[in-house]
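Report on the structure
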Amino acid sequence: KAQGLGPPAQRHGMGMGPAAEHGCSGWGAGRFGGRTAVAVCLFLCLVSAADGRRQPESKELVCELWRPVWRRYHEAYMHALQTANSDADPEQRAAVRSELAQALSQRTANISDVLSCNVGVIAGYYLLARMASPAAVESLGAFGASEGEANLAYRLLQMALIFIFTLRNGNRIPDGPGMAWAITEQAIIPAIMQLKKGHDWLQRERLRRSVPISPSFRDRSLRIAVVSICAYPPDHPLALPKVTPPNRDAYTRRHGYELRLHLEPPVLGAHGLGVQHAKLATVLAYMQSGDFDWIAWFDCDSIFMNLERTLDSIIYQYAQQRGPSKGEVEEEDEGGSAPAPICGAPAGPPDVSGEWLDSWVPPDMQDEAAVQIRQSPDGTLQAAARQFGEAAGRVDEDASLELDFEGGALKGRVIVEDDANGNYAVRLAWENGAVWDRRKESQQARQSRRRPCREPCLEPGLGCTAELDPDVDLLITEEGWGLSSANWMIRRSAWSLKFLHDALTAAHVEMKLFGDQDAIILHIMNQQALGAAAGAAPGSLELTEDPLDRHAAIVPQFELNSYDALNALTMECDMFVEGDLLITFPQCKDAEGCNDVFNLAADYGKAQDKPTASEGPHLGAWWLRREGPVRWPGYRGGPSAPSPSMPSSAAIRVFGPRPLVRDIFMREQMMQRGG
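Residues numbered from 1 in each chain as written. Predicted model: local features only at pLDDT ≥ 70, side-chain atom pairs only at ≥ 80, totals over all residues. Heavy atoms only, no water.

With that settled, consider the overall build of the protein. Looking only at helices and strands, the protein features 20 helices and 16 strands. Here the protein holds 675 residues, and 56% of them are scored as buried. For the protein, the proportion of contacts with a sequence separation of at least 24, taken over those separated by at least 6, is 70%. (Helix = DSSP H or I, 4+ residues; strand = E, 2+ residues; numbered from the N terminus. Buried < 20%, exposed > 50% of the residue type's maximum accessible area, 1.4 Å probe, protein only. Contact = heavy atoms within 4.5 Å.)

Turning our eyes to something else, we now look at the pattern of salt bridges. For side chains bearing opposite charge, pairing can occur when the charged atoms are close. Evaluation of the coordinates by the stated rule reveals 28 salt bridges. For lysine 196, the salt bridge goes to aspartate 200, with nearest N and O atoms at 2.7 Å. Separated by four residues within a single helix, lysine 196 and aspartate 200 lie in helix α9 (residues 189-207), roughly one turn from each other. Among the salt bridges present, the one from arginine 658 reaches glutamate 627, with a minimum N-O distance of 2.8 Å. In this pair, arginine 658 is assigned in helix α20 (residues 658-672) and glutamate 627 in the loop between α18 (591-606) and α19 (649-655), connecting sequence segments 31 residues apart. Of the residues examined, arginine 658 reaches a relative accessible area of 17% and is grouped as buried. One salt-bridge network, in which partners are shared between bridges, spans Glu64, Arg67, Arg107 and Asp113. (Salt bridge = Lys/Arg side-chain N within 4 Å of Asp/Glu carboxyl O.)

Below, the discussion takes up helix α15 (residues 516-535). At 3.6 residues per turn, the α-helix brings residues three or four places apart onto the same side. For α15, with 20 residues, the first-to-last C-alpha span of 29 Å sits near the 28 Å given by 1.5 Å per residue. The principal kink in α15, of about 40°, is found at methionine 525. The element α15 is extensively covered by neighbouring structure, given that 15 of its 20 residues are classed as buried. (Expected span 1.5 Å × (residues − 1). Bend = angle between axes of the 7 residues up to and from the residue.)

Our next topic: the pairing of strand β14 (residues 482-491). In terms of burial, β14 is a largely internal element, nine of the ten residues being buried. With six bridges connecting them, strand β13 (residues 474-479) and β14 associate as antiparallel partners. Along β14, the bridge assignment pairs leucine 475 with methionine 489. A loop of two residues connects β13 with β14, the two strands running antiparallel in sequence. (Pairing = 2+ DSSP bridges.)

Now for helix α10 (residues 240-255). Here α10 spans 23 Å end to end across 16 residues, near enough to the 22 Å set by a 1.5 Å rise per residue. Residues of α10 that are buried include every one of Leu240, Val243, Thr244, Pro245, Asn247, Arg248, Tyr251, Thr252 and His255, and no others. As for α10, its buried residues are in contact with β1 (224-229), β2 (258-262), β3 (294-298), β4 (302-304), α12 (311-318) and α18.

On to the side chain of serine 210, then. Mapped onto the fold, serine 210 is located in the loop between α9 and β1. Judged by its relative accessible area of 0%, serine 210 falls in the buried class. One polar contact links serine 210 to glutamine 317, side chain to side chain, over a distance of 3.0 Å. (Polar contact = N/O pair within 3.5 Å; in protein donor to acceptor, adjacent residues only side chain to side chain.)

Right, let's get into the packing of helix α3 (residues 68-84) against helix α5 (residues 118-132). Running from N to C, α3 and α5 cross one another at 35°; their axes reach a closest spacing of 10 Å. When you trace α3 past α5, the crossing you get is left-handed. Listed contacts from α5 to Trp70, Tyr73, Tyr77, Ala80, Leu81 and Ala84 of α3 are Gly120, Val121, Ala123, Gly124, Leu127, Arg130 and Met131. Taken together, the residues of the contact of α3 with α5 break down into ten nonpolar, two polar and one charged. (Axes fitted to C-alpha atoms, helices over the stretch in contact; angles between N-to-C directions. Left-handed = near helix turned anticlockwise from the far one by under 90°. Nonpolar A, V, L, I, M, F, W, Y, C, P; charged D, E, K, R; others polar.)

We now examine the state of the cysteines. The full count for this structure, using the stated rule, is five disulfides. Two residues share a disulfide in this structure: cysteine 63 and cysteine 117, whose sulfurs sit 2.1 Å from each other. On the sign convention where negative means left-handed, the S-S torsion of about -105° between cysteine 63 and cysteine 117 marks this disulfide as left-handed. Here cysteine 63, found in the loop between α2 (58-61) and α3, pairs with cysteine 117, found in the loop between α4 (90-109) and α5; they are 54 residues apart in sequence, far enough to count as distant. The two residues cysteine 63 and cysteine 117 agree in class, both being buried. A sulfur-sulfur distance of 2.0 Å marks the disulfide that ties cysteine 588 to cysteine 594. Of note, the bridge from cysteine 588 to cysteine 594 carries an S-S torsion of about -105° and is left-handed in sense. Neither residue differs from the other here; cysteine 588 and cysteine 594 are each classed as buried. (Disulfide = S-S within 2.5 Å.)

None of this, on its own, says anything about what the molecule does.
What follows is the structure, given as structure tokens:
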């Protein structure tokens with residue numbers, strides 16, 4: 001066990017029961033593959049069974065149908081289910097979707113009553129998501145979600161998930177009511193994880209157009225407090241109450257922030273509440289004091305790693321006003337040119353986004369067969385055209401590229417031509433002889449490509465155009481399954497005071513099975529998502545936009561909540577990279593398996609020999625972030641390392657690399673199964 005990685009977070013474990021038990025064949029294997037095929041097949045079998053059999057009885061549904069309010073809700077649900085499985089026209093489907101959304105809004109307005117029919121509520125959210133983005137949800141995100149165009153469905157599925165947690169059944173929907181309502185967690189959880197990838201892509205696109213803020217940015221007019229609870233009994237074996245307080249103290253002293261760290265109960269504002277449920281009450285109490293402009297909550301198992309990174313920089317980067325008048329880069333034109341680079345950022349792969357003409361297509365058909373390419377900052381590509389459908393791949397810094405078509409992968413190169421007259425052209429030359437020519441760039445695109453780089457803001461003024469949006473009050477991150485309450489920041493405002501009070505009431509009065517995270521999710525997306533589902537016309541943008549409360553802004557996970565490498569692997573989310581503000585160890589509660597990683601992280605946080613310490617004011621910037629070899633000398637060696645030149649198991653769990661963590665994790669899983 002000493003050489004193992006230890007357990008990842010257990011809250012999010014799930015089973016994938018065999019589809020064969022429900023009469024499913026391998027229908028989806030060729031189209032989706034693996035667990036995705038099983039989940040899709042199982043869901044379709046459940047829907048088919050529910051659509052073609054007798055109406056289930058109240059006891060099968062585990063729902064109080066004898067009450068008129070729940071009977072009407074069930075009728076709206078069954079009507080929507082039948083419509084979703086029919087060839088009804090778009091207007092009819094929209095009307096039925098609206099009817100179900102309104103019914104679900106009424107039933108969740110009184111959150112205390114949801115337990116009277118919680119599997120039915122879960123099924124309602126899922127069905128609404130399916131009706132909002134059928135291809136994305138039914139394919140578990142394999143289609144129709146790569147560019148964040150299924151945001152409404154993504155949020156509706158997160159709402160379904162928080163009510164799955166109220167079942168207290170290992171994140172599983174019991175088979176009986178699941179069959180009666182035609183719902184399974186296997187149609188929800190994998191879809192959320194896949195839809196999040198498209199949502200993240202859209203967030204990155206918006207981020208690269210924003211005003212870049214240096215990680216050392218400081219606005220000394222802001223009164224910022226760091227609040228945490230590390231209340232453990234004196235004899236508790238876990239190392240956190242010993243390593244977290246000095247880590248918090250060193251960070252807050254460096255930047256002049258106020259530290260409010262509670263080491264024993266009762267906790268301020270949380271009298272009568274369990275320590276594990278006290279964060280909302282504690283933050284609310286400090287907000288009511290009026291002493292702080294922003295309050296940053298950090299769980300006790302989050303350890304600061306980059307003590308140079310400021311909270312001000314995160315506030316100004318993600319709570320800044322948007323729009324060209326505030327320094328944000330305008331939308332790309334039809335030439336597909338990216339915003340001007342940030343000064344000091346790596347050159348990265350060449351930009352091949354935009355519209356391309358295929359030389360193998362006859363000239364009179366090239367316009368309608370034009371190839372559309374989308375490119376992420378890391379070089380990931382998504383291409384689409386009538387002649388081949390969709391293809392994914394990447395372009396690298398050496399100008400080589402590869403796309404994976406249905407018939408196999410094809411390699412090529414980016415060729416840039418710039419003649420003596422300053423005419424600029426880009427071609428993609430493929431190994432099969434095909435050539436794709438980019439459409440002629442507009443003058444605006446050429447100017448965008450040639451204009452000077454953008455300097456990151458170091459402090460307010462001094463040419464910095466970033467201004468805070470007065471409507472943004474909450475900065476919160478997402479993990480593999482959606483929003484996370486581990487670490488977040490909130491601005492003192494009337495909205496924030498009401499939000500914290502309402503969320504606290506929901507978690508500790510109205511629905512005691514809720515955790516703080518579930519209550520936060522409820523109050524920033526439930527009525528917003530249901531309102532969008534009820535009011536959106538067929539094909540409208542409202543079905544694709546993120547229905548999050550306008551006072552909340554999503555911060556990339558790595559900015560406030562990077563995971564250790566093991567949990568990042570199992571949750572398919574951001575792992576700690578040198579330069580990140582902090583590292584979090586979700587559900588690491590076993591002293592034998594966790595103390596080594598806590599102590600190692602704390603040692604890294606205070607180490608003076610981190611190679612990154614000499615990289616200047618932009619250390620930890622999002623535009624410099626890359627997973628790569630660990631440069632800290634303390635990564636290798638140590639008392640528990642196999643040799644001075646090798647990392648210990650604790651070092652591997654904290655820093656990775658991800659492929660090594662994956663190999664070790666898979667070997668341990670095989671050993672546990674007797675393989």
